[in-house]
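# Coordinate analysis (summary)
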Amino acid sequence: SFVAAEGDVRSLFTHDAATGSNQKIAPAPPTEEGDYAWTPDGALLAAVGATIHRLEPGPGASWTPITDLSAEGVGKISRLAVSPLGDKIAFVTER
């Protein structure tokens with residue numbers, strides 16, 4: 001999957017290597033960096049500052065904040081990854 005702009009709107013797309021076609025699946029993550037991670041159940045996670053957002057792709061999908069880690073001293077999250085079982089999240093923060 002990848003993020004691309006259509007005019008002023010950024011969206012998330014999948015690419016079919018067999019046909020060469022791209023399909024829009026969701027709005028882009030709500031961050032300029034555009035970093036996101038897939039979960040094993042097919043959802044997406046993205047970080048805005050120290051807040052992690054979740055999206056389940058589909059018609060009318062929107063990013064929903066699920067946790068704010070700033071109270072734990074977490075700074076701006078620049079990268080994140082989800083474990084294969086979906087039970088852990090790793091992230092890189094800026095100070």
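Just so it is clear, the model here is predicted, and its values are computed rather than measured.

## Describing the nonpolar core
A general trend in soluble globular proteins is that nonpolar side chains are found buried together. Within the largest apolar cluster, ten residues are counted, these being Ala-37, Leu-45, Ala-47, Ala-50, Ile-52, Leu-69, Val-74, Ile-77, Leu-80 and Val-82. Mapped by element, the contributors of at least two residues to this core are β5 (44-48) and β8 (77-82). Per-element accounting of this core gives the leading share, three residues, to β8. Residues in contact with Ala-50, not counting those within four places in the same chain, are Thr-67, Asp-68, Leu-69, Ser-70, Val-74, Gly-75, Lys-76 and Ile-77.

## Quick notes on the confidence of the model for the chain
Confidence along the chain averages 90 in pLDDT terms, with 97% of residues attaining 70 or more. Element-level mean pLDDT values for the chain span from 86 in strand β1 (residues 2-6) up to 95 in strand β7 (residues 64-68).

## Quick word on the sheet that holds β1
The three strands are arranged β1-β2-β3 in an open sheet whose pairing can be described as antiparallel. Lying at the two open borders of the sheet, with one neighbouring strand each, are β1 and β3 (22-27). Strand-to-strand, the axes of this sheet are offset by a mean angle of 45°, without reference to chain direction. In the sheet, strand β2 (residues 9-15) pairs with β3 via five bridges, with the strands oriented antiparallel. Directly across from Leu-12, in β3, lies its bridge partner Ala-26.

## Here we look at the pairing of strand β6 (residues 51-55)
With four of five residues buried, β6 lies mostly within the body of the structure. Pairing of β5 with β6, which is carried by five bridges, proceeds in the antiparallel orientation. Residue pairing for β6: Leu-45 is matched across the bridge by Arg-54. The turn linking β5 back onto β6 is made up of two residues, and Gly-49 within it adopts a positive phi angle of 65°.

The rules we used
Residues numbered from 1 in each chain as written. Predicted model: local features only at pLDDT ≥ 70, side-chain atom pairs only at ≥ 80, totals over all residues. Heavy atoms only, no water. Core = buried A, V, L, I, M, F, W, Y, C linked by side-chain atoms within 4.5 Å. Buried < 20%, exposed > 50% of the residue type's maximum accessible area, 1.4 Å probe, protein only. Helix = DSSP H or I, 4+ residues; strand = E, 2+ residues; numbered from the N terminus. Contact = heavy atoms within 4.5 Å. pLDDT = per-residue confidence, 0-100. Pairing = 2+ DSSP bridges. Axes fitted to C-alpha atoms, helices over the stretch in contact; angles between N-to-C directions.

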